[in-house]
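Spelled out, the chains give:
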Amino acid sequence: PYVDTKVILENADKHGYGVPALNINNLEFLHYIIEAGVKKNSPVIIETSQGAMKYAGNGDFRKGAEIFVKMVKAFADEVDIPVALHLDHGKSFEHIVAAIKAGYSSVMIDASEHPFEENMKITKEIVKIAHAAGVSVEAELGQLAGIEDEAVAAENVLVDPDEAKKFVEETGVDFLAPAVGTSHGAFKFKGAAKIDYDRIKKVKEYTKIPLVLHGASSVVPEFVEIAEKHGADFGGAKGVPSEILQEAVKCGINKVNTDTDLRIAFVAGLREFLNANPKEFDPRKYFKLAREYTIKVITDRMDVLGSTGKA
Ligand code: G3H
Ligand code: 13P
Ligand code: NA
Ligand code: ZN
């Protein structure tokens, strides 16, 4: 069934596991996520960026939001696992309102590039509107970008646990994404991968709400290799290894945002298949390996995070 993201995450928080939140832009990735969830009996959170809304609506983000809700509900209604639809990195008021109106289960207001007080003010406003519509809200504190470069990874871009406490109390936000050392995309760390566990623990202790890890893709070496073997150039790609994700979950992370891993698994399968089958031009056939690899990356993640069997 189609559920509130809050139901999924409060369960995860109570029982100490993580749930993958998986980005989609099209029908295929939705298929794969639902299939993976059913296979592992895991709850799933599906998320779309503002750009995905525009893409799905062929330029019209409001239409895109409506299409996503209809698509996700059509699948959610037919399976026994909990399925939620979330707006990822909502930055514009118009997109957030469009997602709420269309029927998203939850929205993110990402005002993290603003100073603390301003972030708090904007977030509070969105919480008021969203909660009135029965939609739960995620917000972000601290900054993810610039972390790749060791020298730029200054303390002040990571979340301040005392600020997190004040932020959650003042805004009434349902989930919080604290910046703890990850970044978006396929190139997360120049040296060894590391995140700030103590900071996660403190934020959890001070806020006691479900926490979100952004930029959490593992950039699975197996799929990077397959893609590169068949023509891709992902030199220097590095993600967050499984052991670090498991430790982060132990510290209090419950929602684990994943986009890059699906993109890489898919493109690895697509390249491999097309290379081996130069005469094929039917998408239902040339997506065969892309589908298989994308499902594999999702089901592995469910095992790693502990959401397997929790539907
Ligand atoms: O955090 C962003 C997600 O990976 C989606 O990115 O804006 O390319 O759709 P996007
Ligand atoms: P990745 O780029 O690590 O997949 O992160 C996705 C994300 O945080 C979406 O909000
Ligand atoms: Na941000
Ligand atoms: Zn993110």
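Residues numbered from 1 in each chain as written. Chains lettered and ligands numbered in written order. Predicted model: local features only at pLDDT ≥ 70, side-chain atom pairs only at ≥ 80, totals over all residues.

Right, let's get into the environment of Glu-247. By the secondary structure assignment, Glu-247 is in helix H10 (residues 242–251). The class for Glu-247 is partly exposed, based on 14 C-beta atoms found within 10 Å. Between the C-alpha atoms of Glu-247 and His-114, which are 133 residues apart in sequence, the distance is 30 Å. (Helix = DSSP H or I, 4+ residues; strand = E, 2+ residues; numbered from the N terminus. Buried ≥ 20, exposed ≤ 12 C-beta atoms within 10 Å, placed from the backbone.)

Counting residues in hydrophobic clusters, the biggest one holds 99 residues, and the most contacted among them are Ile-33, Ile-46, Val-107, Leu-176 and Phe-223. Sequence-distant contacts of Ile-46, that is, excluding residues within four places in its chain, are made with Leu-22, Ile-24, Leu-30, Ile-33, Val-72, Val-83, Ala-84 and Leu-85. (Core = buried A, V, L, I, M, F, W, Y, C linked by C-beta atoms within 7 Å. Contact = placed C-beta atoms within 7 Å.)

Time to look at helix H8 (residues 197–207). Those residues of H8 lying buried are Arg-199, Ile-200, Lys-202, Val-203, Lys-204 and Thr-207. The elements touched by buried residues of H8 are helix H7 (161–171), strand E6 (175–178), strand E7 (211–213), H10 and strand E8 (253–258). Residue Lys-208 follows H8 closely and has a positive phi angle near 55 degrees.

With that settled, consider the pairing of strand E5 (residues 136–141). Counting buried positions along E5 gives six out of six residues, so the element sits mostly inside the fold. With burial as the criterion, each face of E5 is covered, one bearing Ser-136, Glu-138 and Glu-140 and the other bearing Val-137, Ala-139 and Leu-141. Across four bridges, strand E4 (residues 106–109) lies against E5 in parallel orientation. Each bridged residue has a counterpart across the sheet, and for Met-108 the counterpart in E5 is Glu-138. Handedness of the crossover is the feature at issue here: the chain leaves E4, passes through helix H6 (residues 116–132), returns alongside E5, and the resulting connection is right-handed. Looking at chain direction, E5 and E6 are connected through four bridges and run parallel. Residue Glu-138 lies in a different strand from E6, and its bridge partner there is Phe-175. (Pairing = 2+ DSSP bridges. Right-handed = clockwise from strand over helix to strand, strands pointing away.)

Let us now look at the site of ligand 1. Near ligand 1 you find Asn-23, Ser-49, Gly-51, Ala-52, Asp-88, His-89, His-184 and Asp-259, and these make up its full shell. Only helix H3 (50–56) and strand E3 (83–90) provide two or more residues apiece to the shell around ligand 1. Its residues assigned to classes, the shell around ligand 1 comprises one nonpolar, five polar and two charged. (Near = placed C-beta within 6 Å. Nonpolar A, V, L, I, M, F, W, Y, C, P; charged D, E, K, R; others polar.)

Once that is clear, we can look at the confidence of the model for the protein chain. When pLDDT is averaged across the protein chain, the result is 96; 96% of the residues are at 70 or more. Predicted complex metrics record ipTM = 0.95 and pTM = 0.97. (pLDDT = per-residue confidence, 0-100.)

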